[in-house]
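Listed here are the chains, written in short residue letters.
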Amino acid sequence: QLDYAVKERGLKFMDTAEMYPVPTEAETQGRTDKYIGSWMKTCGVPREELTIATKVCGFSDRISWVRDAGAPTRVNREQIRESVERSLQRLGTDYIDLLQIHWPDRMVSLFGAEAYDEANQRENDVPFGEQLRAFEELHKEGRVRHFGVSNETSF
């Protein structure tokens with residue numbers, strides 16, 4: 001399928017995430033990265049002709065198998081760096097074109113949840129400054145070229 005999409009139809013942008021495929025499960029987590037990575041090794045398409053986007057998991061106290069420490073996912077410096085390192089290994093590349101926060105660390109109404117209620121805010125949300133500094137480090141190291149957000153709200 002990837003050969004057809006890239007070589008015959010001109011696809012150049014590939015979107016993945018550390019938690020894919022969905023539904024996310026410990027046994028399959030990261031498999032989409034691995035499939036793309038194994039294809040890139042044998043496809044004959046130069047890496048610089050592809051744009052690879054991936055995502056770091058936002059806050060979740062239910063997805064504990066994604067991190068080596070078995071901790072809930074957060075968008076803090078340590079976990080952003082771990083996410084990037086593991087994604088780079090699975091993809092078999094030395095840089096990511098676009099790294100996105102999959103969903104925010106702070107409390108927001110996502111995925112069909114009820115309307116936003118400020119009373120549901122958590123006191124230990126990771127500050128935006130910490131997230132941006134981690135992204136800046138990865139950019140300066142040449143590991144990530146661009147940053148963005150995936151599922152975000154306007155409030």
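Residues numbered from 1 in each chain as written. Predicted model: local features only at pLDDT ≥ 70, side-chain atom pairs only at ≥ 80, totals over all residues. Heavy atoms only, no water.

**Digging into the sheet that holds strand β4 (residues 144–149)**
- The parallel open sheet is built from four strands, whose spatial order is β1-β2-β3-β4. The outermost strands of the open sheet, each flanked by one partner alone, are β1 (13–15) and β4. Ignoring which end each strand starts from, the neighbouring axes of this sheet average 25° apart.
- As defined by bridge partners, β1 adjoins strand β2 (residues 51–56) across three bridges and the pair is classed as parallel. Bridging across to β2, F13 finds its partner in T51.
- Contacting β2, β3 (96–101) and β4, helix α3 (residues 77–91) crosses the sheet at an angle of about 140° to β2. (Pairing = 2+ DSSP bridges. Helix = DSSP H or I, 4+ residues; strand = E, 2+ residues; numbered from the N terminus. Axes fitted to C-alpha atoms, helices over the stretch in contact; angles between N-to-C directions. Contact = heavy atoms within 4.5 Å.)

**Side note on the pairing of β3**
- Burial runs high along β3: five of the six residues are buried.
- The pairing of β2 with β3 spans four bridges and is parallel. Counterpart to V56 in the pairing with β3 is I101.
- Following the chain from β2 across α3 to the adjacent parallel β3, one finds a crossover that is right-handed.
- The sheet contact formed by β3 and β4 spans five bridges and is parallel. Looking at the pairing, I101 lines up with V149 of β4. (Buried < 20%, exposed > 50% of the residue type's maximum accessible area, 1.4 Å probe, protein only. Right-handed = clockwise from strand over helix to strand, strands pointing away.)

**Thoughts on helix α4 (residues 128–140)**
- The terminal C-alpha atoms of α4 lie 18 Å apart, and with 13 residues this matches the ideal 18 Å at 1.5 Å per residue to within 8%.
- Among all positions in α4, only Q131, A134, F135 and L138 are buried. Buried residues of α4, viewed axially, fall in a sector of 100°; they line one side. Summarising the geometry of α4, the exposed residues directed more than 90 degrees from the buried face are L132, R133 and K140.
- Here the buried face of α4 lies against α3, β3 and β4. (Expected span 1.5 Å × (residues − 1). Arc of directions from axis to C-beta.)

**Re the nonpolar core**
- Grouped together as the largest cluster of nonpolar side chains are 12 residues: V56, V75, I80, V84, L88, I96, L99, I101, A134, F135, L138 and V144.
- Contributions of two or more residues to this core are made by α3, β3 and α4.
- Once residues lying within four places of it in the same chain are set aside, the contact partners of V84 are I96, L99, L138, R143 and V144. (Core = buried A, V, L, I, M, F, W, Y, C linked by side-chain atoms within 4.5 Å.)

**Overview of α3**
- The terminal C-alpha atoms of α3, which comprises 15 residues, lie 21 Å apart, in line with the 21 Å expected from a rise of 1.5 Å per residue.
- Residues of α3 that are buried: Q79, I80, R81, E82, S83, V84, S87, L88, R90 and L91.
- Where α3 is buried, its residues meet α2 (31–42), β2, β3, α4 and β4.
- Of the residues flanking the end of α3, it is G92, one or two places downstream, whose phi is positive at about 70°.

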